[in-house]
Amino acid sequence: MGRLFVITLEGSFYSCKYCKTHLALSKNTVSKTFHCRHGKAYLFDKVVNVTAGEKEERLMITGLHTVVDIFCVGCGSLVGWKYEAAPAESQKYKEGKFILERFKVLGPIGSNYMASQEAQVGGSDADDA
């Protein structure tokens, strides 16, 4: 196993709830209107310090998507997913973008998000579907 390379972000950022590894800059937030099983989720153009799992087809509120789960490089925690492909034309804007589950990250100023009654059961996706 090699040496772990971790990028340190400057400015306003989100980090892993468990190990505080930096994950994304606030300015790279595309949308805060997404939801997942644990509550809110944010869509980002770019994230750092994550590794990707295997591609899989996942049925979400807005339809079937090809995604890969993303894991924190610091502690291995599942922090969200990346959209690889979206068959529906209206969902193409998600391709290549990342979801960070708000319940699993801190930030942008170290605040901790707690899941509440807004948590949904079932598929994860934007609430604007």
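Preceding this paragraph is the structure being described.
Quick caveat, the model's predicted, so the values are computed rather than measured.

Visitor: For this particular structure, what's the right way to read the pairing of strand E2 (residues 22-25)?
Guide: On any regular strand, side chains alternate: one points to one face of the sheet, the next to the other face. In the sheet, strand E1 (residues 13-16) pairs with E2 via 3 bridges, with the strands oriented antiparallel. In the strand pairing of E2, Ser15 is matched with His22. The turn linking E1 back onto E2 is made up of 5 residues, and Lys20 within it adopts a positive phi angle of 70°.

Visitor: What is the right way to look at the sheet that holds E2 in this model?
Guide: The strands that make up a sheet pair up through hydrogen bonds in the backbone, lying either parallel or antiparallel. Spatially, 3 strands are ordered E2-E1-E9 in an open sheet, and the strand pairing comes out antiparallel. Looking along the sheet, the strands with just one partner apiece sit at the ends: E2 and strand E9 (105-106). Where E1 meets E9, 2 bridges bridge the pair, whose relative direction is antiparallel. Counterpart to Ser15 in the pairing with E9 is Leu106.

Visitor: Would you mind showing me how to read the packing of aromatic side chains here?
Guide: Aromatic rings in a pair are described by how distant their centres are and how their planes are angled relative to each other. This model, assessed by the stated rule, comprises 3 aromatic pairs. Aromatic pair Trp81 and Tyr83: ring centres 6.2 Å apart, planes at 80°, arrangement edge-to-face. Neither Trp81 nor Tyr83 differs from the other in exposure class; each is buried. The ring of Phe103 has Lys17 lying over it, and the distance from NZ or CZ to the ring centre is 3.9 Å.

Visitor: How do you make sense of the pattern of salt bridges when you look at a structure like this?
Guide: Applying the stated criterion across every chain, the model contains 6 salt bridges. Notably, a salt bridge pairs Glu95 with Lys92, separated by 3.4 Å at the nearest N-O pair. Using a relative accessible area of 34% as the deciding quantity, one classes Lys92 as partly exposed. For Glu101, the salt bridge goes to Lys104, with nearest N and O atoms at 3.9 Å. One exposure class covers both Glu101 and Lys104, and it is buried. Through salt bridges with shared partners, one network takes in Glu56, Arg58 and Asp69.

Visitor: For this particular structure, what's the right way to read the pairing of strand E7 (residues 78-85)?
Guide: As paired elements, strand E6 (residues 63-72) and E7 share 6 bridges and run antiparallel to each other. By the bridge assignment for E7, Thr66 is matched with Ala85. The loop that links E6 with its antiparallel partner E7 comprises 5 residues; one of these, Gly76, has a positive phi angle of about 85°. Relative to strand E8 (residues 98-101), E7 runs antiparallel, the two sharing 3 bridges. Its bridge partner being in E8, Trp81 is matched across the sheet by Ile99.

Here is what the cut-offs are and how they apply
Residues numbered from 1 in each chain as written. Predicted model: local features only at pLDDT ≥ 70, side-chain atom pairs only at ≥ 80, totals over all residues. Heavy atoms only, no water. Pairing = 2+ DSSP bridges. Helix = DSSP H or I, 4+ residues; strand = E, 2+ residues; numbered from the N terminus. Phe/Tyr/Trp six-rings, centres within 6.5 Å; stacked < 30°, edge-to-face > 60°. Buried < 20%, exposed > 50% of the residue type's maximum accessible area, 1.4 Å probe, protein only. Lys NZ or Arg CZ within 6 Å of the ring centre and 35° of its normal. Salt bridge = Lys/Arg side-chain N within 4 Å of Asp/Glu carboxyl O.

Shape descriptors only; they carry no functional weight alone.
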